[in-house]
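Observations on chain architecture
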Amino acid sequence: MRTIEVLIDRDAVESGAAASGEPWQYYDLGHGFCNYTFFEQCPHRMACAKCDFYNPKDSSKALLLEAKDNLQRMIAAVPLTDDERAAVDDGQAALDQLLERLADVPTPSGATPQQIGVPAPATLLPIIAVNQKPT
């Protein structure tokens, strides 16, 4: 199990827009947000294939989401498969193997990563120390 931050758009829930199919929950992937309702069941959640449910954090849509006043921040527990656990614990080689296995598996939007044209290998970003100044 791993935990992940989830943003709940209370405006979408209270206005009824969520009931009509508008996104209302956003899983924070670090590099972007996924608004796929069944994120816990998506085989691509550790190796984002840039499907229709993905919003990169540098996009205007993601920036507008983060700027909303009526967001509720929550944490969700997500069970990991053995392959995902290996990608988290063992690093690049396990991630590359996971991406290769997922190349022909459809994303929630229907297209496979191969059809979308997403390259199979990915590069892990280095973890650096962040020093914050007191406010």
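What follows concerns the sheet that holds strand 4 (residues 54–56). The strand order across the open sheet formed by 5 strands is 4-3-2-1-5, and the pairing between neighbours is antiparallel. A strand with exactly one partner marks an edge of an open sheet, and here the two such strands are strand 4 and strand 5 (71–78). Averaged over all pairs of adjacent strands, the angle between their axes in this sheet comes to 30°, without regard to strand direction. With 2 bridges joining them, strand 2 (residues 25–28) and strand 3 (residues 32–34) adopt antiparallel strand pairing. Residue pairing in the sheet places Asp 28 in a bridge with Phe 33 of strand 3.

Attention now moves to the environment of Thr 112. For Thr 112, the location among the structural elements is in the loop between helix 4 (92–102) and helix 5 (113–116). Residue Thr 112 is classed as buried on the basis of its relative accessible area of 9%. Note: C-alpha distance between Thr 112 and His 44 (68 residues apart in sequence) is 9.9 Å. Those residues in contact with Thr 112 that lie beyond four places of it in its chain are Ala 103, Asp 104, Val 105 and Pro 106.

Pairing analysis gives 8 bridges linking strand 1 (residues 2–9) to strand 5, with the strands arranged antiparallel. Each residue of the ladder has a partner; that of Leu 7, found in strand 5, is Arg 73.

Criteria and thresholds
Along each chain, residues carry numbers from 1 onward, in the same order as the chain's sequence is written. In keeping with the predicted nature of the model, local features appear solely for residues at pLDDT of at least 70, side-chain atom pairs appear and are counted solely at 80 or more, and the whole-chain, interface and lining totals rest on all residues. The side-chain figures draw on all heavy atoms in the structure; neither hydrogens nor water molecules are used. A pair of strands is labelled paired if DSSP reports no fewer than 2 bridges between them. Here a helix means four or more residues in a row that DSSP labels H or I, a strand means two or more in a row labelled E, and each is numbered from the N terminus. Orientation is described by lines fitted to C-alpha atoms, with helices fitted over the stretch in contact, and by angles between N-to-C directions that extend from 0 to 180 degrees. Here's how the labels work: a residue is buried when its accessible area is under 20% of the maximum for its type, exposed when over 50%, partly exposed in between, all with a 1.4 Å probe on protein chains only. Note on definitions: a residue-residue contact is assigned when non-hydrogen atoms from the two residues lie within 4.5 Å.

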